Amino acid sequence: MNKTTSSRQFDVVLWGATGFAGKLTAQYLAKTSTSEPLSWAIAARNEQKLQTLQKELQDEFPDATAPEIIVAESFDLPSLKAMAKQTKVICSTVGPYAKYGTPLVQACVEEQTDYCDLTGEVQWMKDVIEKFHEQASEQNVRIVHTCGFDSIPSDLGTLHLQLHAMKQHDAPAKEVRLFVQSASGGLSGGTMASMINLFEEASQNKDVIRTAMHPYSLNPPEKRHGPTQLSDNRYGHDDLINSWVAPFFMASVNTRVVRRSNALMDDIYGKDLRYSEAMITAKGAKGALASTAITGAFMAFGTTMAIKPTRKLLQKHVLPKPGEGPSEEKIVNGHFSCLLVGEVDSDKIKVKVSANRDPGYGATAIMLAESAICLAKDRAKTAKLDYTLDGGILTPASAMGEVLIARLNASGVRIEVK
Ligand SMILES: NC(=O)c1ccc[n+]([C@@H]2O[C@H](COP(=O)([O-])OP(=O)(O)OC[C@H]3O[C@@H](n4cnc5c(N)ncnc54)[C@H](OP(=O)(O)O)[C@@H]3O)[C@@H](O)[C@H]2O)c1
């Protein structure tokens, strides 16, 4: 355990608890505290909303450890530092992160508090890496982005596959492909706000587009190169699985995270790893048709979001507003399944990552909360893994590795070799 934080009052403070993803994460933490000791607090900018949430949690989980309340505002650094000082870990669901996230990372690095979040904003992560990686490494502070549906299935799925390959064949697979087999759920206002913010930043600053397009944009500066990668917008027939595929909209985030993991973990998957993602449509003519239709819709959505007037129209009339999200029924009845495939010595290794909850909220709340608990309680275990790092701007694999995989497998997000 980190000596500086071992005596702190809380294991976890959940900041953004009054938002859509935040409430689901708070419910999961409350439920967990009935079976595992957990000292925790809910935090946000609005005290009244926090009191209402605290009461709701007490009514829904009478046997849970009641969370305390902390008020902290994203542009008030002293309030963020005061919050960071009280806890081993801060788990943040306050987004868009590019708008609100940087002062909290600064507070966590300065107060030596571990941190995890749900960002999928590559341009912001690159900025955070440039500003804080060195200091966080020196201070042994673990700042871990992308602890939700983006990018845990990709990052921990690849780690699981490659560790299996190395155990069986003494060598990692040179290429890994992730295929989304099925997914059902919805989107929240916060997710749409983050996406809109990305398009707005891109329209004002060409560097944002360059960062988003660069396949190695999240790698350390001296490792921002590697083999040519398959397109993030890949469609057509995939011979490896003999099926038609269409673009997966999170590929441009997840692929950068997997490549950063490899770079941080001393190229554990090899210097020439090729990693890509796509969505399975189907086999045969039906699959070909669906591949074309989905690719067309994907491109049309991208174009609509890139043009300011149509983006504003979508935002005003179609997309969910901050605080809104999919219904409880959609969350509980949702599911996802991703298949990762790698080949070594003609042996096809397959790893499946799946959950019986919608990917973006039900399953994401589990992934984020378990990441926070893992950071707070399992440092001694993660330190024993020879590929994890003690500090820096990290990824789920390079910070928590198999320790988090074990936690997720016990919590309903399955990561298993098929
Ligand atoms: N990686 C994934 O798979 C995944 C999945 C889901 C969500 N996300 C990301 O998670 C983030 C949150 O999404 P969401 O749908 O939960 O959003 P949301 O419902 O709008 O919630 C945002 C939260 O941030 C708080 N907030 C806003 N401005 C603040 C400020 N200036 N200071 C302090 N707190 C502030 C809000 O407080 P109030 O209640 O007072 O407004 C609320 O608690 C987004 O960036 C989204 O993209 C990622």
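Calculation notes
- Residues numbered from 1 in each chain as written.
- Predicted model: local features only at pLDDT ≥ 70, side-chain atom pairs only at ≥ 80, totals over all residues.
- Heavy atoms only, no water.
- Phe/Tyr/Trp six-rings, centres within 6.5 Å; stacked < 30°, edge-to-face > 60°.
- Helix = DSSP H or I, 4+ residues; strand = E, 2+ residues; numbered from the N terminus.
- Pairing = 2+ DSSP bridges.
- Axes fitted to C-alpha atoms, helices over the stretch in contact; angles between N-to-C directions.
- Contact = heavy atoms within 4.5 Å.
- Near = heavy atom within 4 Å.
- Polar contact = N/O pair within 3.5 Å; in protein donor to acceptor, adjacent residues only side chain to side chain.
- Areas by Shrake-Rupley, 256 points an atom, 1.4 Å probe, with all protein chains shown as cover.
- Nonpolar A, V, L, I, M, F, W, Y, C, P; charged D, E, K, R; others polar.
- Expected span 1.5 Å × (residues − 1).
- Bend = angle between axes of the 7 residues up to and from the residue.
- Buried < 20%, exposed > 50% of the residue type's maximum accessible area, 1.4 Å probe, protein only.
- Salt bridge = Lys/Arg side-chain N within 4 Å of Asp/Glu carboxyl O.
- Domains from an automatic or database assignment.
- Buried area = accessible area lost by both parts, 1.4 Å probe.

Asks: With reference to specific residues and values, describe the packing of aromatic side chains.
Replies: Summed over the entire model, instances satisfying the criterion amount to six aromatic pairs. Between Phe20 and Tyr361, the aromatic rings sit 5.4 Å apart at their centres with planes inclined by 80°, giving edge-to-face as the arrangement. Of this pair, Phe20 sits in helix H1 (residues 20-32) while Tyr361 is found in helix H14 (residues 359-377), placing the two residues 341 residues apart along the sequence. Members of the aromatic cluster, each reached through a chain of ring pairs, are Phe149, Phe248, Phe249 and Phe336.

Asks: Account for the sheet that holds strand E7 (residues 175-184), naming residues and giving values.
Replies: One open sheet holds the seven strands; their spatial order is E8-E9-E10-E7-E11-E12-E14, and the pairing between them is mixed. In the strand order of this sheet, the two ends are held by strand E8 (236-238) and strand E14 (413-417), each with one partner. The average undirected angle you get between the axes of adjacent strands in this sheet is 35°. In terms of strand pairing, E8 meets strand E9 (residues 243-246) through three bridges, oriented antiparallel. Paired with His237 across the two strands is Trp244, which belongs to E9. The strands that helix H11 (residues 284-306) touches are E8, E9 and strand E10 (274-280); relative to E9, the one it contacts most, it runs at about 10°.

Asks: Describe the site of the ligand, listing the residues and the values that go with them.
Replies: The immediate surroundings of the ligand are formed by 29 residues, with Thr18, Ala21, Ser74, Ser188 and Ser194 found nearest. Contact distances for the ligand include 3.4 Å between a nitrogen atom and a side-chain N or O atom of Glu73. Within the contact set of the ligand, an oxygen atom lies 2.7 Å away from a side-chain nitrogen or oxygen of Ser194. In isolation the ligand exposes 930 Å². Once the protein is present, 92% of that is buried. Contributing elements (two or more residues each) for the shell around the ligand: H1, helix H4 (97-100), helix H8 (189-204) and H14. In terms of residue class, the shell around the ligand is built from 11 nonpolar, 14 polar and four charged.

Asks: For the pairing of E10, give the residues involved together with the corresponding values.
Replies: Pairing geometry for E7 and E10, over six bridges, is parallel. Each bridged residue has a counterpart across the sheet, and for Phe179 the counterpart in E10 is Ala278. Sheet analysis places E9 next to E10, joined by two bridges and oriented antiparallel. Note on E10: the bridge partner recorded for Val245 is Ile280.

Asks: Provide a residue-level description of helix H6 (residues 122-138), including the pertinent values.
Replies: Between its first and last C-alpha, H6 extends 23 Å over 17 residues, near the 24 Å set by a 1.5 Å rise per residue. At Phe132, H6 shows its strongest bend, of approximately 55°. For H6, every residue scored as buried is listed here: Val122, Gln123, Trp124, Met125, Lys126, Val128, Ile129, Phe132 and Ala136. Phi turns positive, to about 55°, at Asn140, one or two residues after H6.

Asks: Give me the lowdown on the side chain of Thr382, citing residues and values where you can.
Replies: Topologically, Thr382 is positioned in helix H15 (residues 379-383). The contact partners of Thr382, leaving out residues within four places of it in the chain, are Arg142, Cys374, Thr388, Ala399, Met400 and Val403.

Asks: Before we move on, can you summarise the pattern of salt bridges with the specific residues and values?
Replies: Under the counting rule described, the total for this entry stands at 23 salt bridges. Of the charged contacts, one joins Lys88 and Asp11 as a salt bridge, the two residues approaching to 2.9 Å between their closest N and O atoms. Of the two residues, Lys88 is situated in strand E4 (residues 87-92) and Asp11 in strand E1 (residues 10-15); the sequence distance between them amounts to 77 residues. The residues Lys88 and Asp11 share a single accessibility class, namely buried. The salt bridge partner of Arg407 is Glu36, with a shortest N-O separation of 3.0 Å. One end of the pair, Arg407, is in helix H17 (residues 401-409); the other, Glu36, is in the loop between H1 and strand E2 (40-44), with 371 residues separating them in the sequence. Since its relative accessible area comes to 14%, Arg407 is described here as buried.

Asks: Residues and numbers for the domain arrangement of the chain, please.
Replies: According to the domain assignment, the chain contains domain 1 (10-149 + 361-413) and domain 2 (152-358). Computed over C-alpha atoms, the centres of domain 1 and domain 2 are 23 Å apart. Between domain 1 and domain 2, the contact holds 39 residues from the first and 43 residues from the second. Here domain 1 packs against domain 2, burying approximately 3,400 Å² in sum over the two surfaces, 73% of which is carbon and sulfur. When the area that domain 1 buries against domain 2 is broken down by residue, the three leading residues are Phe20, Phe149 and Tyr361, summing to 22%. Run the count over domain 1 and domain 2 and you get zero salt bridges. Going through the elements one at a time, H1, H4, H6, H14, strand E13 (392-394), helix H16 (396-399) and H17 are the ones with two or more residues in the side of domain 1 that touches domain 2. A class-by-class count of the residues in the side of domain 1 that touches domain 2 yields 22 nonpolar, 12 polar and five charged.

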